[in-house]
Amino acid sequence: MASSHSSSPVPQGSSSDVFFKKEVDPSKHIQPVPSLPDVCPKEPTGDSHSLYVAPSLVTDQHRWTVYHSKVNLPAALNDPRLAKRESDFFTKTWGLDFVDTEVIPSFYLPQISKEHFTVYQQEISQREKIHERCKNICPPKDTFERTLLHTHDKSRTDLEQVPKIFMKPDFALDDSLTFNSVLPWSHFNTAGGKGNRDAASSKLLQEKLSHYLDIVEVNIAHQISLRSEAFFHAMTSQHELQDYLKKTSQAVKMLRDKIAQIDKVVCEGSLHILRLALTRNNCVKVYNKLKLMATVHQTQPTVQVLLSTSEFVGALDLIATTQEVLQQELQGIHSFRHLGSQLCELEKLIDKMMIAEFSTYSHSDLNRPLEDDCQVLEEERLVSLVFGLLKQRKLNFLEIYGEKMIITAKNIIKQCVINKVSRIEEIDPDVVVKLADQMRMLNFPQWFELLKDIFSKFTIFLQRVKATLNIIHSVVLSVLDKNQRTRELEEISQQKNAAKDNSLDTEVAYLIHEGMFISDAFSEGELTPVAVDTTSQRNASPNSEPCSSDSVSEPECTTDSSSSKEQTASSAIPGGVDILVSEDMRLTDSELGKLANNIQELLYSASDICHDRAVKFLMSRAKDGFLEKLNSMEFITLSRLMETFILDTEQICGRKSMSLLGALQSQANKFVNRFHEERKTKLSLLLDNERWKQADVPAEFQDLVDSISDGKIALPEKKSGATEERKPAEVLIVEGQQYAVVGTVLLLIRIILEYCQCVDNIPSVTTDMLTRLSDLLKYFNSRSCQLVLGAGALQVVGLKTITTKNLALSSRCLQLIVHYIPVIRAHFEARLPPKQYSMLRHFDHITKDYHDHIAEISAKLVAIMDSLFDKLLSKYEVKAPVPSACFRNICKQMTKMHEAIFDLLPEEQTQMLFLRINASYKLHLKKQLSHLNVINDGGPQNGLVTADVAFYTGNLQALKGLKDLDLNMAEIWEQKRSLWMCIQMKTREKQNF
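Residues numbered from 1 in each chain as written. Predicted model: local features only at pLDDT ≥ 70, side-chain atom pairs only at ≥ 80, totals over all residues. Heavy atoms only, no water.

As recorded by an unreviewed UniProt entry, the protein chain carries the name Vacuolar protein sorting-associated protein 54 and is attributed to Callithrix jacchus. Listed under Subcellular location (unreviewed entry) in UniProt, the entry text for the protein chain is "Golgi apparatus, trans-Golgi network". Quoted verbatim from the Sequence similarities (unreviewed entry) heading of the UniProt record, the comment on the protein chain is "Belongs to the VPS54 family." (UniProt positions renumbered as here; feature names shortened; annotations may be inferred.)

This is the structure we're talking about:
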């Protein structure tokens, strides 16, 4: 069938994919489908006066034109715009379903009249007016959209009848599968009796394919009808386009001719000048490049010259600069292809040379004579070596220096021993081969002088090490300071660049607003910073070499400056040497800080090395018990020397080393043990031989006690002449009081002062000495108690008996020790750290034990007289003569007691003791009078007893120091008088009865 345009106006076509969608229910509200793109661009709508007269797809799509006159029968029958077919003779065989029938109204729905919408119409009347005005301006297209939607739905429904295989883009009948799907062989099989049925099947297949063709043609015709106006419009406007193109071609030709003339007259000469200038610049660059190549070619000889003078930093800088030039400006030069690897090997060789040179320098610096006054050997050489090692990141050079320090410390001790042993004639090196054995043959003064010499050499050695490490530390700090300043300058430059960028953006925006070109703004903004930077660089480096006269432009200067990268900063070292810090030392701050800490640790290590070697020297001498055999003065002298050396090294290095201090503490502990054992043994021997008799007090002991009274707890110096003239005293005078003591106590006081003086001389043994002294005082108290109160002296010394004089003398000795315990406590308290004040409680316990011991002695004296009173008064009889023999014996024994203790004990203690004895006497007398039934009745017996008591009282008060003693003898009659009164009352009652 032929296709043509339909005879009625056709609406604008929709999207091409509408035929492949499912059928849409027309009752639902659907947005209008967008139209297909036009073949030619649409003409703008607007005023007709402003447009030329020509066919328009937009304005003329609903107007009937001559192109609608061609109509054929298939187009009329297959009109896709009709919703349903008319009921005519073409549809009589299609059934009654295609005829419109009347719908019967429902009985359940109410009848809606016009009055139901009155309120609604009143509410929307205003909106309706606005809507009507809008309709007049923009006419509605509901009818058109509804018709278009219905047509599209019908077209899509028709296309869905066509199998999908015909719609495939790769549809081809030469494919066997496709061909079998479209034309099955079963419809062409005429064998057997099925011929008529197969013919009907083939006919049916043909009609089906014809039907598919009609559907497709109808849709194609429909699409063509939608685009017909655009086709004809393109044909009519083609001639105008050809005229426009012809005019444009002529205009382009004329423009090209004018441009050619302008180029020939105006541009060719200027461009030729620019080409010549560019050629000249290129020649200058080549010349500078050749000069740079000549300079690079001289790198290796120059490096050799620098290495011959130990200029390692300069050689490394030259190598680094040359490598940078090779990588940046001479890259690809064939003649220099091996120079980079040669420089790398040369740099590795310089690393080894610097390490070897530093090792040699360390050996020379540490092993030079210690008598030399120069602190740092070749300071400039050291600074150069350290800078070179830092530049190459060889940070292990401190380990080399540490190894050299250990070797030097060993050599110092060895050399000192050799020098000392060689000056002593008693030592034969042929007989005693080993140096250690020769050293052990020295006596204490010789060995002490050797140790003193070693310590002095070690002190000088540490001072030299500190001076050298200070130079290294200053170099490291200068590099660190340079890094920080460089970082700050970079941050400042970045901030300035950011500010320039911001100002440039603002200026460009302003210039664009004023009508200038962007390129002009950028060119003006870029030229000024370049000029400023160039000026600042020249002003910042006045000593740098200017660019050669052959240079024409600024880039050549930049090339030369970058190739000779020698920007350095000067700083000073405490030794007075100016150093140059290169910018390419890119050690991080953490690495430099760690290196500075390692330098300080190396100084601490030097102190530890000296202390360790000194400890080994001490231990080698102490193998035969030499140090343990030293007396107090020798050990104190040794400890003071060691403490002085420890303080000197701490002052030099800033940290106290503990090895020598620990060795000193260990030897001090051994010394304290031996010191204590010797004095405890001595005290034990003195107590075992003590006969507990009053001893004369030599003048030196009196001086000793007087020095303690003056607040100086120390052994006084011996004065031979004065001591011989002064005679020993009978008693010891302490702060105005007289103490009768035994010889053991005098020596004990001297021993106590030795303990206190040892604490002053060796402060590190204060706690041990306090413990040992406490033990010594406790031992004296317990042992004296065993010997006197426990009567141990009877067996140990051979005394016949323990007399009251022995007891009183023991009590007075204990009182003397108690008097000095607070002084000793204050002495130790001033030398103990606050954390160890709790140890002072030992003195409180000792004081309590001594007071208890003194009280026991007093009780023992009272008990002696108590037993005597019990023995004598038990035999007392109230009869003549007066005084009786019992009271005479009692008064005799009281006189002996008084004579024994009065010269030993103070008067107050004597009075207190006799008061207690008198109380015991009164108790026994009461008991005896009660036994004898003697009462204070004024009778003869009462008179006899009163006369005996008066005799006792008179004799007791006649003793020295007891005159004012209140004896209160009336207490013996109080109980008897009350008893007598009771008896008299009972007698009277019997008489009255």
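And the narrative resumes.
Enquirer: Please clarify how helix α26 (residues 885–901) should be interpreted in this entry.
Expert: For an α-helix the count is 3.6 residues per turn, leaving residues at separations of three or four pointing the same way. If you check α26, its first and last C-alpha atoms are 25 Å apart, about what 17 residues at 1.5 Å a residue would give, namely 24 Å. For α26, the complete set of buried residues consists of Cys886, Phe887, Ile890, Cys891, Met894, Met897, His898, Ala900 and Ile901. (Helix = DSSP H or I, 4+ residues; strand = E, 2+ residues; numbered from the N terminus. Expected span 1.5 Å × (residues − 1). Buried < 20%, exposed > 50% of the residue type's maximum accessible area, 1.4 Å probe, protein only.)

Enquirer: In this structure, what is going on with the nonpolar core? I would like to understand it.
Expert: The nonpolar side chains of a soluble globular protein tend to be buried with one another. Ranked by internal contacts, the top residues of the largest apolar core, which has 193 residues, are Trp447 and Phe828. If you tally residues by element for this core, the top one is helix α13 (residues 444–514), at 19 residues. When residues no more than four places from it in sequence are discounted, the contact partners of Trp447 are Met439, Leu442, Phe617, Leu618, Arg621, Phe626, Leu627 and Leu638. (Core = buried A, V, L, I, M, F, W, Y, C linked by side-chain atoms within 4.5 Å. Contact = heavy atoms within 4.5 Å.)

Enquirer: Whenever I open this one, the packing of helix α16 (residues 589–621) against helix α18 (residues 659–689) confuses me. Can you help?
Expert: Helices that pack against each other are described as a pair by the angle of their axes relative to one another and the distance between those axes. Viewed as axis vectors pointing N to C, α16 and α18 meet at an angle of 30°, and their least axial separation amounts to 7 Å. Taken together, α16 and α18 sit at an angle that is classed as roughly parallel. Facing Asp608, His611, Asp612, Ala614, Val615, Leu618 and Met619 of α16, the residues of α18 in contact are Ser659, Leu660, Ala663 and Gln667. The class makeup of the residues in the contact of α16 with α18 is six nonpolar, three polar and two charged. (Axes fitted to C-alpha atoms, helices over the stretch in contact; angles between N-to-C directions. Parallel < 35°, antiparallel > 145°, perpendicular 65-115°, else oblique. Nonpolar A, V, L, I, M, F, W, Y, C, P; charged D, E, K, R; others polar.)

Enquirer: Could you clarify how one ought to interpret the environment of Arg783 in this entry?
Expert: Inspection of the secondary structure assignment puts Arg783 in helix α22 (residues 766–789). Sequence-wise, Arg783 and Leu687 are 96 residues apart; in three dimensions their C-alpha atoms are separated by 7.5 Å. Discounting chain neighbours no more than four positions away, the residues touching Arg783 are Leu687, Asp688 and Val796.

Enquirer: Looking at this structure, I do not really get a nonpolar patch on the surface. What am I missing?
Expert: Taken together, the side chains of Ile220, Ile224, Phe231 and Phe232 present a nonpolar region at the surface, about 330 Å² in accessible area. Tracing the backbone through its elements, the reader meets Phe231 in helix α6 (residues 195–297). (Patch = residues over 30% accessible without salt bridge, like charges linked within 9 Å, V, L, I, M, F, W, Y side chains within 5 Å. Areas by Shrake-Rupley, 256 points an atom, 1.4 Å probe, with all protein chains shown as cover. Salt bridge = Lys/Arg side-chain N within 4 Å of Asp/Glu carboxyl O.)

Enquirer: Help me understand the environment of Ala320, please; the structure alone is not making it clear to me.
Expert: The residue Ala320 is located in helix α8 (residues 312–328) in this model. Between the alpha carbons of Ala320 and Cys344 there is a distance of 9.5 Å; along the sequence they are 24 residues apart.

Enquirer: Looking at this structure, how should I read the pattern of salt bridges?
Expert: Side chains that differ in sign of charge can pair as their charged atoms come close. In total, this model carries 13 salt bridges according to the counting rule given. For Arg783, the salt bridge identified is with Asp688, shortest N-O distance 2.7 Å. Here Arg783, found in helix α22, pairs with Asp688, found in helix α18; they are 95 residues apart in sequence, far enough to count as distant. For Arg783, a relative accessible area of 19% corresponds to the buried category. Glu877 serves as the salt-bridge partner of Lys879, at 3.0 Å between the closest nitrogen and oxygen.

Enquirer: Sorry if this is basic, but what is going on with the packing of aromatic side chains here?
Expert: Each aromatic ring pair is specified by the distance between its two centres and by the angle formed by the two planes. A full pass over the atoms with the stated rule returns 16 aromatic pairs. Aromatic side chains Phe635 and Phe671 sit 4.3 Å apart centroid to centroid with 10° between the ring planes, which places their arrangement in the stacked category. One end of the pair, Phe635, is in helix α17 (residues 632–653); the other, Phe671, is in helix α18, and 36 residues separate them in sequence. Arranged with centres 5.0 Å apart and planes meeting at 75°, the rings of Phe675 and Tyr755 form a pair that is edge-to-face. Highlighted residues: Phe675 in helix α18 and Tyr755 in helix α21 (residues 743–761), separated in sequence by 80 residues. An aromatic cluster is built from Phe869, Tyr876, Phe887, Tyr921 and Tyr952, whose rings are joined through pairwise contacts. For the cation-ring pair, Arg812 lies above Tyr739, with the distance from its terminal atom to the ring centre recorded as 3.8 Å. (Phe/Tyr/Trp six-rings, centres within 6.5 Å; stacked < 30°, edge-to-face > 60°. Lys NZ or Arg CZ within 6 Å of the ring centre and 35° of its normal.)

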